Amino acid sequence: MGIRKRERIDWLMKLVFKSTGLLTIALLAGIFFMLLYNSMSFFFDVPPIDFFTGSQWDPDNSKNAYSILPLLVSTGLVALGSMMIAVPLGILSAAFLSELAPGKLQAVLKPVIEMLAAIPSVAIGFLGITLVGPGIARIFGIENGLNALNGSILLAVMSLPTIITISEDAIHAIPKSYREASLALGANQWQTLYRVVIPAAYPGLIAAVLLGLGRALGETMTVLMATGNTAEMPSGFLDSIRTITATIAIEMGEVPYRTTHYFALFAIAAVLFLITLLINLVGEYAANRLRKFQA
Amino acid sequence: MRKWFNWIILTGSTLLVCLFLGIIIFDIFSKGLSVLSWQFISKPPEAAMTKGGILPAITGTLLLTFITTLFSVPFGVACAVYLNEYAGNSILTNVIRGSIRNLSGIPSIIYGLFGLALFVQTFRLGTSVLAAGLTLGLLSLPYIITTTEEALKRVPASMREATLAMGITQFETIRDVVLPKALPGILTGIILTLSRAAGETAPILFTGVAFYINGMTTALDQEFMALPYHLYMLCTQHQSIEEVRPLAYGTAVVLIILVFLLNIIAFYFRFKQRTQD
């Protein structure tokens, strides 16, 4: 092959590679505009003020019961509950992994965490129905264990791998000199861990929590299966709920194409999109601060 | 005393996390393994899903994952090559990287809506295995890009410089030197991504999955059955839920074995690569 032809191929391939890079921007923009366009169609029918302030989501029975609030509160409640379980458990496990566990134990525990991350969400939701639900019903003496608490427990299990992995990286990245300085001043191992290492790893831990939270907010199948599907304003963890994701999953299959109800599902998806986007951006910002701090 | 307390808290948390995995595996396998038989994985469902096997769900998931691979791997690897080999530190590169990070944070159900709007309706593919595979491909793209880029980063710069100094063009260097060297790492990432894609349910809900099809999915424009969706339907939507519970456990076992197999293959590639370095 002549050099001219080879150079032409080289130039062409560079363009091909670059265009795939541009494709990712197009994809994000495409998702954004798809949500925006369909949400706008919804807001022509239902004023935004009703959407954000009403208290009922019941499109099947009532014409204007398109309020996102019960769904939003449900989503927030179940995600909050999952973080209350997963954050302490995840950060303490990460501290154990990087500070206490000997190398051989680490080599066993890391694949365990990866396996936990690999289990499909339907399988976890299935256990919510067969195992966690009946357990909750027995402990609290209620008839049905499919509620927000059930969802929180399952989502905690699902977000643990994310939280542990990122926290472990953050704790591991704290320079040895910090620990040595603390120990040299007479602090013991625990004082060093709780007062020096963990505070120094804060930005990374915040990133870990936010990315775990993003995962919990966006999860569909587990909450769809395990939280009881009641689209009403919840009053506690023992109430059945229905999150934004579960509502889309249930109703999108049944609504007629291009009706108000159809567009409404895009509107609640747009709200979810913005929330997860915001959380990921803040998490990313925190992770970057950690990187700068270490450099 | 305090020392022990601290020790117990940290070790206990880790043990609890391991216990979660143990409970999940133990519960599903102890109740599902007895259902598993050659019949179960080689026969279609019979008598309104209360008997028979799950063959169409297995082949459906394999076909779906295959389409996802065909679509997302070339695009994902090419994008990673661009980011690691060509792109400098420009605004455009930062925008691309930002997009990829945000794409990986978007809930999977939103990819499902996007697939419905783009592939099913705009491209008129209908609810089909092709539309669902493409949707899952989009979902997998950011993961493939990120893992491939990590693999490319581990190829030493000296290898590229050596061939460039011999007058080989940059594309030839990438094709003949960089990609072969990074191949085990790239494969690890691809296989892990596919194991996630195989277990996903939300993105295929409105793009082509069906509770029951007569026979097998043989064409790209047909609907299909999939293992995760089959499990979901068996344990939530079936008329006689208690009666089909063993079948649901069996489906869960097959799904988890499939996902773990892919993970073990990925572990193998990673191990091989470490010993090579």
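For the structure itself, consult the block above.
Residues numbered from 1 in each chain as written. Chains lettered and ligands numbered in written order. Predicted model: local features only at pLDDT ≥ 70, side-chain atom pairs only at ≥ 80, totals over all residues.

Asks: When you look at the overall build of chain A in this model, what are you seeing that I'm missing?
Replies: Of regular secondary structure, chain A possesses twelve helices and zero strands. Listing every helix and strand of chain A by position from the N terminus yields α-α-α-α-α-α-α-α-α-α-α-α. Its C-alpha atoms give chain A principal-axis dimensions of about 75 × 70 × 35 Å. Here chain A holds 295 residues, and the buried ones make up 49% of them. Expressed as a percentage of contacts within chain A between residues at least 6 apart in sequence, the contacts between residues at least 24 apart total 74%. (Helix = DSSP H or I, 4+ residues; strand = E, 2+ residues; numbered from the N terminus. Buried ≥ 20, exposed ≤ 12 C-beta atoms within 10 Å, placed from the backbone. Contact = placed C-beta atoms within 7 Å.)

Asks: What am I meant to see in the packing of helix α4 (residues 103–118) of chain A against helix α1 (residues 2–32) of chain B here?
Replies: For any two helices packed against each other, the geometry is given by the interaxial angle and the distance between the axes. α1 of chain B packs onto α4 of chain A with a crossing angle of 50° between their chain directions and a minimal axis gap of 10 Å. Of the possible angle classes, the one that applies to α4 of chain A and α1 of chain B is oblique. The chirality of how α4 of chain A crosses α1 of chain B is left-handed. Contacts between α4 of chain A and α1 of chain B involve Leu109, Val112, Met115 and Leu116 of chain A on the former and, on the latter, Thr14, Cys18, Phe20 and Leu21 of chain B. A per-class count over the contact of α4 of chain A with α1 of chain B returns seven nonpolar, one polar and no charged. (Axes fitted to C-alpha atoms, helices over the stretch in contact; angles between N-to-C directions. Parallel < 35°, antiparallel > 145°, perpendicular 65-115°, else oblique. Left-handed = near helix turned anticlockwise from the far one by under 90°. Nonpolar A, V, L, I, M, F, W, Y, C, P; charged D, E, K, R; others polar.)

Asks: Help me understand the interface of chain A and chain B, please; the structure alone is not making it clear to me.
Replies: Quite often, the size of an interface is put as the accessible area lost when its parts meet. Every contact between the two is made by 61 residues of chain A and, on the other side, 61 residues of chain B. The element that contributes the greatest number of residues to the side of chain A that touches chain B is helix α1 (residues 3–45) of chain A, accounting for 18 residues. Along the lines of polarity and charge, the residues of the side of chain A that touches chain B split into 42 nonpolar, twelve polar and seven charged.

Asks: Before we go on, may I ask you to explain the environment of leucine 210 of chain A in this structure?
Replies: Along the polypeptide, leucine 210 of chain A turns up in helix α9 (residues 202–218). Expressed as a C-alpha distance, the spacing of leucine 210 of chain A and alanine 286 of chain A, which sit 76 residues apart in the sequence, is 9.3 Å.

Asks: Whenever I open this one, helix α8 (residues 189–200) of chain A confuses me. Can you help?
Replies: Helical periodicity: at 3.6 residues per turn, an α-helix aligns residues three or four positions apart in one direction. Residue and element names in this part refer to chain A. For α8, spanning twelve residues, the distance from its first C-alpha to its last is 15 Å, which sits close to the expected 16 Å at 1.5 Å a residue. Regarding α8, the residues found buried are Leu193, Val197, Ile198 and Ala200. Down the axis, α8 shows its buried residues gathered within 140° of arc, on one side only. What points out from α8, more than 90 degrees from its buried face, is the exposed set Arg195 and Pro199. (Expected span 1.5 Å × (residues − 1). Arc of directions from axis to C-beta.)

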